[in-house]
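# Working through the structure, step by step
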Amino acid sequence: MTTTHTTRGRRRAPSRMQRAAGKAAALQKPRVILALLLLLGLTSVMLLDGYLRAEVGGDQRVRTGASSSKVPDSVLDGGPILTFRGGKATTVSVPKKTIALTFDDGPNPTYTPQVLKILEENDVPATFFLVGSMVSRYPGIVKDMVEQGDEVGIHTFTHVDLSYQSTARVDREMEQTQLALAGAAGITTTLFRAPYSSETDAIDNYSWPVYKKLGQDGYTSVFVDTDSDDWKKPGVSKIVDWATPKGTSGAAVLMHDAGGDREQTIEALPKYIKKMKAKGYTFTTISGVMEKQNTGNGRAVTGTATGVQPGAVALNSRGTQGGSATRQVTDRLQAAHHQATGATLYEGKALIVAVAVAEYALPVLSVGLMIVGVAVMGRFGMMVVLARRHYRQRNRRRFGWGPPVTRPVSVIVPAYNEKECIANTLQSLSRSTHPIEVIVVDDGSTDGTSEIAREAAYALGMTNVRVIRQENAGKPAALNNGVRSASCDIVVMMDGDTVFEPDTVRSLVQPFADPEVGAVAGNAKVGNRNTVIGAWQHIEYVMGFNLDRRMYDLLRCMPTIPGAIGAFRREAVLQVGGMSEDTLAEDTDITIAMHRAGWRVVYEEHARAWTEAPGSLRQLWSQRYRWSYGTMQALWKHRKSLTDKGPSGRFGRVGMPLVVIFQIVTPVFAPLIDVFTAYSMIFVDFTAALLAWLAVLAVQLVCAAYAFRLDREKYRYLLMMPLQQLAYRQMMYLVLIHSCITALTGGRLRWQKLKRTGEVGTPAGVS
């Protein structure tokens, strides 16, 4: 055994990565926050859209048959308009030969514009009681409605029975609808109609307190005394008949412009208008009714007649500002409207924008979800089919790479502060059944790694070990130093925390019997798999990494030779310029470079190495963040292969798209599956969503079980897979999103050293 010290005349200048380390460290926390904000934004968009569709916070309860003992008889027997002037409940009836035509549940993008067109053609005004969530989704219709001269009222934000709701929920339903109206048409209103309400005699002891509270807040509650029952779709003639009041009585008539198929309503409406005009009826709005009655009683109509919202300004007939809040309202048909100002106006506009974003984003995300789902299932299918073919091809009795490779090879072990592991690594190499020389490159360790390596080699009687010490320059520099110092034409690279089985090196170098092979990837195994985190990584290594490598091997586009176990032709390494410091994934970088140089890269499943995986979530995040970001760097570095010809072009047009789709794009958008699943479980259909999730899990379990079978692994670790899907996978998504943000913002990362325990010993100790 010999020890070599590299000499330098002066201290090595920091690499680009080292110079960027300080800046990168300062930028990581904001990027983590940005990644979490993106996920939060996605969740918020879904919750907002669900709230608009009454999937979030929806309440389908409708109260019927309750007592009305606490409701004054004057209200139960009164007209359809209920006010609380001076704190006293007062009802107003519609004058004779007058129709207050009202529509509920809109706006609807299909039917409401048709209703407005019919009203305009017949010069008839109407009052629309709008659902706030629909207003926020279709603000343009509401704006047209107001500009046309029709009146609007509140029908709550989510169409819930307010008698079941808390005071806070009632206030929220009203305020949010006011904001929607302010954002859509620049107005607020004092008219209100409760969902599921009908005539005043249907008011019960539970809804009465709600009407009193809203009356105290300045709202006028509107009921009906003639219901067309058009929602039952009884036929056009019946709708017209049922909407016609008896004799010459006036009526507040109810129709619907939304909430279902309203084709019969659209057909009946012009016929009904013509019929009532022929009978001498006039049409007006709820404010028009109030104006008629007040005028008939000798009272002037003022802005406070129907309650003026704080901070609101009355509008004139053209919808423009007409004076102070106490000024007489000049537009009798829209007296309930008041111009939105200040915070109400701007908050309303913000709501409209937020809803527009949600309305646009959700369909896009849904399409993305379908694409991701197809890609995930396609990947599983490709992996299983090609892995099976790979296994059968490589395990045939007559399969061989050529004449057995028996010549000595160099094993390079880069080490930085590996005092816990280096002795186990050398001990495993001492049992190799293939002739080797071992080169330990100590990259400026401060924990005595080189001394421990020297002592271990001496104790094991290994005279084929060289220990080279260099100033700390990073793993690529250590590997390059080892390659330059190697005396064999084949070099095996392994990590300082990895142990080999006795036949590992022999199996790993056999593919070099084929002169086209320039590099070989081995089968990396998790040694510390008896912890939860270790078991999760064990599943990932067997299913995600090794099954992937079988697929890529057949397609001749292997993207990565693992740092834990890989072999190279020395001339090929030197030909591509050695290990580069341009990326954090030097193993991916050199593998792609090998492809572009025309060398074949293969996978040898029988060459097993046992590595120590990160033992904590923090270390795991650090490692996978570096891997993900390094892979992106390597792909970007070799992007010209997309347009190259020959072997380089083959990898660029086959391997690179597969890596981008399966290792970057699909995982980045895969959280959509989990977010949509969680959303569906909570707010839509728990059973259906759970069954869908279990079906996907079953597919993954089948793939994982097949991967375990090919690698002859014990199936008991698959019991951890459901928990892995719930926790571990989500963390990997965040890591990849974090890496993408780092890449997009131009950040750089430094080499990150993981804490080792040295618990991975000989393979015999691993179950």
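Each value, and the rule that gives it
Per chain, residue numbering runs from 1 following the sequence as it is written. For this predicted model, a pLDDT threshold of at least 70 governs which residues receive local features, and a threshold of 80 or more governs which side-chain atom pairs are given and counted, while totals over whole chains, interfaces and linings are taken from all residues. The side-chain quantities take in all heavy atoms of the structure and omit both hydrogens and water. By the criteria applied, helices consist of DSSP H or I runs no shorter than four residues and strands consist of E runs no shorter than two, each listed in order from the N terminus. Here's how the labels work: a residue is buried when its accessible area is under 20% of the maximum for its type, exposed when over 50%, partly exposed in between, all with a 1.4 Å probe on protein chains only. By the convention used here, residues are in contact when the closest approach between their heavy atoms is within 4.5 Å. Accessible surface area values rest on a Shrake-Rupley calculation with a 1.4 Å probe, where residue burial reflects the displayed protein chains alone. Of the grid points, spaced at 1 Å and generated over the protein atoms alone, those admitting a 1.4 Å probe that cannot get out make up cavities, while open sets with protein on both sides within 12 Å along at least five of seven lines make up pockets; any residue with an atom within 4 Å of a point is treated as lining. Grid points are joined across faces, edges and corners, and a volume is the space filled by probe spheres set on the points. Polar here means any residue other than Ala, Val, Leu, Ile, Met, Phe, Trp, Tyr, Cys and Pro, which are nonpolar, and Asp, Glu, Lys and Arg, which are charged; Gly is therefore polar. Think of pLDDT as the predictor's per-residue confidence, scored from 0 to 100. Throughout, an axis means a line fitted to C-alpha atoms (over the contacting stretch in the case of helices), and angles, computed between N-to-C directions, take values from 0 to 180 degrees. Under this scheme an angle from 65 to 115 degrees is roughly perpendicular, one under 35 degrees roughly parallel, and one over 145 degrees roughly antiparallel; angles in between are oblique. Definitions for this section: a left-handed crossing has its near helix turned counterclockwise from the far helix by less than a right angle. A right-handed crossing has that turn clockwise. To count toward a patch, a residue needs a relative accessible area over 30% and no salt bridge; like charges are then connected within 9 Å, while nonpolar side chains (Val, Leu, Ile, Met, Phe, Trp, Tyr) are connected within 5 Å. Any Lys or Arg side-chain nitrogen located within 4 Å of an Asp or Glu carboxyl oxygen qualifies as a salt bridge. Charged-residue counts in this description rest on Lys and Arg as positive and Asp and Glu as negative, His and the chain ends being excluded. Where a charge lies is defined by one atom per residue type: Lys uses NZ, Arg uses CZ, Asp uses CG and Glu uses CD. A helix is expected to reach a length of 1.5 Å times the quantity of its residues less one. A residue's bend is simply the angle between two axes: one fitted to the seven residues ending at it, one to the seven starting at it. By convention, a stacked pair of Phe, Tyr or Trp rings (six-membered ring in the case of Trp) has centres within 6.5 Å and planes under 30 degrees apart, an edge-to-face pair has planes over 60 apart, and any other such pair is tilted. Here, over-ring charges are defined by two tests on the NZ atom of lysine or the CZ atom of arginine: distance to the ring centre within 6 Å, and angle to the ring normal within 35 degrees. Two strands form a pair only when DSSP identifies at least two bridges running between them. For crossovers, right-handed means that the path from the first strand over the helix to the second runs clockwise, given strands pointing away from the viewer. The term nonpolar core refers to a set of buried residues drawn from Ala, Val, Leu, Ile, Met, Phe, Trp, Tyr and Cys, joined through side-chain atoms within 4.5 Å.

## Regarding the overall build of the chain
Each helix and strand in the chain was counted, giving 24 helices and 22 strands. Sorting the 767 residues of the chain into buried and exposed places 56% on the buried side. Here the contacts in the chain between residues at least 6 apart in sequence split such that 82% fall between residues at least 24 apart. When the accessible surface of the chain is totalled, it reaches about 32,400 Å², and 56% of it is carbon and sulfur.

## With respect to empty space enclosed by the protein
In this structure the tally under the stated criterion is four cavities of 30 Å³ or more. In this structure, the largest cavity is lined by 15 residues; those nearest its centre are Leu479, Met493, Gly563, Met579 and Asp587. When residues of the lining of the largest cavity are traced back to their parent elements, those giving at least two are helix 15 (475-485), strand 21 (566-569) and helix 19 (586-596). Examining the composition of the lining of the largest cavity, we find that three residues originate from one element, helix 19, more than from any other. Across the lining of the largest cavity, the residue classes tally to nine nonpolar, two polar and four charged.

## A short note on the confidence of the model for the chain
Per-residue confidence for the chain gives a mean pLDDT of 84; residues scoring 70 or more make up 85%. Considering only residues more than four positions removed or in separate chains, one finds that residues 298-330, a stretch of pLDDT under 50, has 71 contacts.

## Comments concerning the packing of helix 17 (residues 532-555) against helix 20 (residues 617-637)
Two numbers describe how helix 17 lies on helix 20: the axes approach to 11 Å, and their chain directions differ by 25°. By the angle class used here, helix 17 and helix 20 are roughly parallel. Note that helix 17 runs across helix 20; the crossing there is right-handed. For the pair helix 17 and helix 20, contact is made by Ile533, Gln537, Glu540, Tyr541 and Phe545 and by Leu617, Leu620, Gln623, Arg624 and Trp627, respectively. Class assignment of the residues belonging to the contact of helix 17 with helix 20 gives a composition of six nonpolar, two polar and two charged.

## Considering a negative patch on the surface
On the surface, a cluster of negative charge is contributed by Asp73, Asp77, Glu199, Asp201 and Asp225. Mapped onto the fold, Asp201 is located in the loop between strand 8 (191-192) and helix 8 (208-216). Overall, Asp201 belongs to the partly exposed group, its relative accessible area being 47%.

## Observations concerning helix 21 (residues 646-669)
With 24 residues, helix 21 extends 33 Å from end C-alpha to end C-alpha; this agrees with the ideal 34 Å at 1.5 Å per step. The axis of helix 21 is deflected most strongly, by about 35°, at Ile661. Those residues of helix 21 that fall on the buried side of the exposure criterion are Ser648, Gly649, Phe651, Gly652, Gly655, Met656, Leu658, Val659, Phe662, Ile664, Thr666 and Pro667.

## Some details on the packing of aromatic side chains
Each aromatic ring pair is characterised by the separation of its centres together with the angle its planes make. Counted under the stated rule, the structure contains eight aromatic pairs. Between Tyr272 and Phe283, the ring centres sit 6.4 Å apart and the planes meet at 80°, which makes this aromatic pair edge-to-face. Residue Tyr272 is located in helix 10 (residues 263-278), and its partner Phe283 is located in strand 12 (residues 282-284); the two are separated by 11 residues in the primary sequence. Look at Phe283 and you get buried, because its relative accessible area is 12%. By way of ring pairs, the aromatic residues Phe192, Tyr211 and Phe223 are connected into one cluster. Over the ring of Trp636 we find Arg639; its NZ or CZ atom is 4.1 Å from the centre of that ring.

## Brief notes about the pairing of strand 11 (residues 251-256)
The buried fraction of strand 11 is high, at six of six residues. Judged from the six bridges that link them, strand 4 (residues 98-106) and strand 11 form a sheet pairing that is parallel. Note on strand 11: the bridge partner recorded for Leu101 is Val253. Note that strand 10 (residues 226-227) and strand 11 share two bridges and pair parallel. Looking at the pairing, Thr226 lines up with Val253 of strand 11. In this fold, the crossover linking strand 10 to strand 11 by way of helix 9 (residues 236-242) has right-handed handedness.

## Notes on the pairing of strand 5 (residues 127-130)
Along strand 5, one buried face is formed by Thr127 and Phe129 and the opposite face, lined by Phe128 and Leu130, is buried too. Taken together, strand 4, helix 4 (residues 112-121) and strand 5 constitute a β-α-β crossover, and its handedness is right-handed.

## Structural notes on the nonpolar core
Counting 62 residues, the largest nonpolar core has Met493, Met543, Tyr552, Phe568, Met594 and Met721 as the members making the most contacts within it. Ignoring anything within four residues of it in the chain, the contact list for Met543 reads Phe380, Met383, Asp548, Gln700, Cys703, Ala704, Ala707 and Met721. With 60 residues, the next largest nonpolar core counts Met174, Ala243, Ala251 and Phe283 among its residues.

## A few points about the environment of Pro270
Residue placement: Pro270 occurs in helix 10. Owing to a relative accessible area of 21%, Pro270 belongs among the partly exposed residues under this scheme. Here the alpha-carbon distance between Pro270 and Ile118, two residues 152 residues apart in the chain, equals 6.5 Å.

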